[in-house]
Amino acid sequence: MKLGEIYSKIQTNPIISFEIFPPQNDENGEKTTKLFEEVKHLKTHTPALISVTYGAGGSNKDTSFAIVKTLANDKNINVMPHFTCVCSSKNYIQNSIKELNEMNIKNILALRGDEPQDCLTCHLDFRYANELVSYLKETTDFSIGVAGYPEGHIDAPNITEDIKNLKKKLNAGGEAIFTQMFFDNSKLYNYLELLEKQNLTKPVIAGILPIISYNQLDKMLSLAKVTVPKTLMTKLEKYQDKKEDIKKIGIDFASEQCQELIDNGIKNLHFFTLNKSYSVCSILDNLGL
Ligand code: FAD
């Protein structure tokens, strides 16, 4: 099913989706085997789609596409590959699209990505995601998702400019907006209001991160503009070395966060699983989903 169909349905129940990533340093394939075990658990919550991340510049293309291919062969999974354009030539992108078409992929998350620091073969065929969206729209039948940033993208001077740039992606053919993680729901409500003022009416899918590690969160926060409510941060700091406590704090927080979103009519939830099913499944159990 394409993004337009998934998210245009009159919704009574929340629409759940999951993001996974190709494991790194997995020469013997053990981590990938473990990932598919986690996917089995995630599948019990009947996700509308599972998305698979992709390294900027195609750094992990083979592992990412291999996972996409395996999931695409499961008729019960709707898989959405992420695809970045930074540093990639048009020719490389054409060939990658061919591979995805051979896997019968219907949906794609079109991203710019971040230029790797050590990029030696930087191509400038695509500078921003809107250019990739235009290209995909012209040359493929994919239904195209794009990224959105409730607190603004880290490089954008302000949220207004960032939304102007989001508009370019939507005008080029983006059909749904998958957001970056956020922990303060008021940031999402504010974002939705700003989008509405600009007549940007495409479905927004809220990105939810169940926190499972303090250090991992700390690293993610250094790369993005994301506010963590003070009460949550105080708790995380207090228990930062206690893995199980952090996991529980993450589950409790995300369960409440999602319940509040659902109560406010926001029913498209995309979970950044970090390749672990336990926290996400616990949250969905808490929500009765
Ligand atoms: P763009 O939309 O191109 O925006 C990038 C910046 O440029 C923004 O500041 C924007 O305001 C500005 N801008 C955009 N268009 C223009 C324009 N035409 N002129 C001037 N300025 C412009 N990264 C990965 O490498 N792999 C992944 O799998 C991945 N998955 C992600 C999934 C989600 C849900 C999200 C939210 C992000 C993901 N990212 C991923 C991260 C993303 O690649 C980075 O945030 C990247 O810095 C921006 O990508 P973008 O597609 O949003 O870029």
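Preceding this section is the structure that the text describes.
Just so you know, these numbers come straight off a predicted model, no measurement behind them.

Procedures and definitions
Residues numbered from 1 in each chain as written. Predicted model: local features only at pLDDT ≥ 70, side-chain atom pairs only at ≥ 80, totals over all residues. Heavy atoms only, no water. 1 Å grid on protein atoms, 1.4 Å probe; cavity = no way out; pocket = protein on both sides within 12 Å on 5 of 7 lines; lining within 4 Å. Points joined across faces, edges and corners; volume = space filled by probe spheres on them. Nonpolar A, V, L, I, M, F, W, Y, C, P; charged D, E, K, R; others polar. Salt bridge = Lys/Arg side-chain N within 4 Å of Asp/Glu carboxyl O. Helix = DSSP H or I, 4+ residues; strand = E, 2+ residues; numbered from the N terminus. Buried < 20%, exposed > 50% of the residue type's maximum accessible area, 1.4 Å probe, protein only. Near = heavy atom within 4 Å. Polar contact = N/O pair within 3.5 Å; in protein donor to acceptor, adjacent residues only side chain to side chain. Expected span 1.5 Å × (residues − 1). Arc of directions from axis to C-beta. Phe/Tyr/Trp six-rings, centres within 6.5 Å; stacked < 30°, edge-to-face > 60°. Pairing = 2+ DSSP bridges.

Caption draft 1: Region of the structure containing empty space enclosed by the protein. Applying the stated criterion across every chain, the model contains 1 cavity of 30 Å³ or more. Approximately 30 Å³ is the volume found for the largest cavity. L209, P210, I211, I212, S213, Q216, L217, M220 and L274 together form the lining of the largest cavity. When the residues that make up the lining of the largest cavity are grouped by side-chain class, the tally is 7 nonpolar, 2 polar and no charged.

Caption draft 2: Quick peek at the pattern of salt bridges. Summed over the entire model, instances satisfying the criterion amount to 10 salt bridges. Across the pair E37 and K40 runs a salt bridge, and its minimum N-O distance is 3.5 Å. Note that E37 and K40 are positioned in helix α2 (residues 30–43) at a spacing of 3 residues, about one turn of the helix. The class for E37 is partly exposed, based on a relative accessible area of 38%. The exposure class of K40 is exposed, given its relative accessible area of 53%.

Caption draft 3: Just the site of the ligand, in detail. Around the ligand, 26 residues are found, and the nearest of them are Y54, D114, Y149, H153 and D162. Note that an oxygen atom of the ligand is positioned 3.1 Å from one of the backbone N or O atoms of G113. For the shell around the ligand, the secondary-structure elements that each account for two or more residues are β3 (79–84), β4 (107–111), α5 (129–139), α6 (159–171) and β6 (174–181). In terms of residue class, the shell around the ligand is made up of 10 nonpolar, 9 polar and 7 charged.

Caption draft 4: Representation of α6 in the model. Under the 1.5 Å per step criterion, the end-to-end length of α6 is 18 Å for 13 residues, consistent within 8% with the ideal 18 Å. Taken residue by residue, α6 has D162, I163, L166, K169 and L170 as its buried positions. Down the axis, α6 shows its buried residues gathered within 105° of arc, on one side only. Backbone nitrogen of T160 and a side-chain oxygen of the N-cap are separated by 3.2 Å at the start of α6; the cap is N158.

Caption draft 5: Expanded view of the packing of aromatic side chains. Tallying each qualifying case throughout the model produces 7 aromatic pairs. For the ring pair Y7 and F178, a centre distance of 6.2 Å and an interplane angle of 80° mean the geometry is edge-to-face. Here Y7 is found in helix α1 (residues 3–8), whereas its partner F178 is found in strand β6, with 171 residues between them in sequence. Owing to a relative accessible area of 5%, Y7 belongs among the buried residues under this scheme. On the basis of relative accessibility, which here comes to 4%, the residue F178 falls in the buried class. Their ring planes at 70° and their centres at 5.5 Å tell us that F126 and Y135 sit as a pair that is edge-to-face. Judged by its relative accessible area of 4%, F126 is buried.

Caption draft 6: Representation of the pairing of strand β8 (residues 268–272) within the structure. The buried count for β8 comes to 5 of 5 residues, which makes it a mostly enclosed element. Both strand β1 (residues 15–20) and β8 contribute to a ladder of 5 bridges, which runs parallel. When the sheet's bridge partners are listed, I15 is paired in β8 with N268. Of the strand pairs in this sheet, strand β7 (residues 204–208) and β8 are connected by 3 bridges, and their pairing is parallel. Its bridge partner lying in β8, A206 is registered against L269.

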